Amino acid sequence: MNEPVFLICAAVAAIFIGLSKGGVPMIGMLGVPILALVISPIRAAALLLPIYVVTDMFGLMAYRREFSGRNLAVLIPAAIVGITVGWATASLVSDDIVTLLVGVIGLTYCLDLWLKRHRKLPPRRADVPRGLLWGALTGFTSFVSHAGAPPYQMYVMPQRLSKLVFAGTSTILFAVINAVKLLPYWALGQLNLENLQTAALLFPIGIIATLAGVRIVKVIPEDAFFRLVTVGLFAVSTKLTVDGMSALFAG
């Protein structure tokens, strides 16, 4: 834990998580893969969860007035159900299959979006059936691998929310998800004193990055923001797909 390479990777992961909690899209999903370069993915996910929770608090303060209440009313209960399913099936579900599933979902959305880029489609309403489905998948994949963003994007992006409402809704939803995940992570033995002590050292880095992320989102043009969302989703989904396929074929 005191090795320089570990400390560098952990600091970079905390920066990416903080930026994501400030509203910069998708970048927070890189935290676990970066830290997994030096420790096991399961331990990396457990160590970073407290950083997600602490930086969530600062993201909540920044976006407390910018969010879609209808989306949250549908997504939060569905996500909690998804987390519960993830907890109940933790010993049965293959992380590799979930990784591949999340990657394919993200790639499918991006390809569909780019194929339709010249068609002017009206914004899609935040409907309950789709919200329950994608919300449950968001909670489930977030519990398994901190990879809840692609299912969430599939549901919210077609609504064409403003960038601040999009960022605020994302921040609030994942703040609730991460807080709920603490209990099952603890029950599964993935949180321990050593991880918590290490995470505490990274809190200031994550908090500063969160405040920087809020500033970035406020100054970046709206079109550029959503292009960044789409490109980030494509890049992360590609990596998840490759990782999932590689692990399955290797096994």
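About the criteria used
- Starting from 1, residues in each chain are numbered consecutively following that chain's sequence as written.
- The model is predicted, so local features are restricted to residues of pLDDT at least 70 and side-chain atom pairs to those at 80 or more, both for listing and for counting; the totals for chains, interfaces and linings are taken over all residues.
- Only hydrogens and water are set aside; all other atoms, that is, all heavy atoms of the structure, feed into the side-chain values.
- For every element, the axis is a line fit to its C-alpha atoms; helices are fit only across the contacting stretch, and the angle between N-to-C directions ranges from 0 to 180 degrees.
- A run of H or I in DSSP counts as a helix once it spans at least four residues, and a run of E counts as a strand once it spans at least two, with each numbered from the N terminus.
- Roughly parallel means an angle under 35 degrees; roughly antiparallel, over 145; roughly perpendicular, 65 to 115; everything else is oblique.
- Note on convention: near helix rotated counterclockwise from far helix by under a right angle means a left-handed crossing. Clockwise means right-handed.
- Any two residues whose heavy atoms approach within 4.5 Å at even a single point are treated as in contact.
- Amino acids are sorted into nonpolar (Ala, Val, Leu, Ile, Met, Phe, Trp, Tyr, Cys and Pro), charged (Asp, Glu, Lys and Arg) and polar (every other residue, Gly among them).
- Throughout, nonpolar core names a set of buried Ala, Val, Leu, Ile, Met, Phe, Trp, Tyr and Cys residues whose side chains join them through atoms within 4.5 Å.
- Any residue under 20% of the maximum accessible area for its type is buried, any over 50% is exposed, and the rest in between are partly exposed; the area is computed with a 1.4 Å probe on protein chains only.

Q: It is not clear to me how the packing of helix α4 (residues 69-88) against helix α8 (residues 163-187) should be interpreted in this structure. Could you clarify?
A: Packed helices, taken two at a time, are described by the angle their axes make and the gap between the axes. Relative orientation of the contacting elements α4 and α8 amounts to 25°, with a least axis distance of 10 Å. Regarding the angle of α4 to α8, the classification is roughly parallel. The chirality of how α4 crosses α8 is right-handed. Only T169, I172, L173, V176, I177, V180, K181, L183, P184 and A187 of α8 make contact with α4, whose side of the interface consists of N71, L72, L75, I76, A79, I80, I83 and W87. Within the contact of α4 with α8, the residues separate by chemical class into 15 nonpolar, 2 polar and 1 charged.

Q: So what exactly am I meant to see when it comes to the nonpolar core here?
A: Nonpolar side chains in soluble globular proteins tend to end up buried together. Among the nonpolar cores identified, the biggest contains 68 residues, and L35, L48, F166 and L173 are the most heavily contacted of them. In terms of residue count, the dominant contributor to this core is helix α3 (residues 41-62) (9 residues). Beyond its immediate sequence surroundings of up to four residues, L173 is in contact with L72, L75, I76, A79, T138 and Y152.

Q: Is there a simple way to explain the packing of helix α6 (residues 128-145) against α8 in this structure?
A: Running from N to C, α6 and α8 cross one another at 50°; their axes reach a closest spacing of 10 Å. Classified by the angle their axes make, α6 and α8 are oblique. When you trace α6 past α8, the crossing you get is right-handed. Residues T138, S142 and F143 of α6 lie in contact with α8, whose contacting residues are L173, F174, I177, N178, K181, P184 and Y185. Residues belonging to the contact of α6 with α8 are distributed by class as follows: 6 nonpolar, 3 polar and 1 charged.

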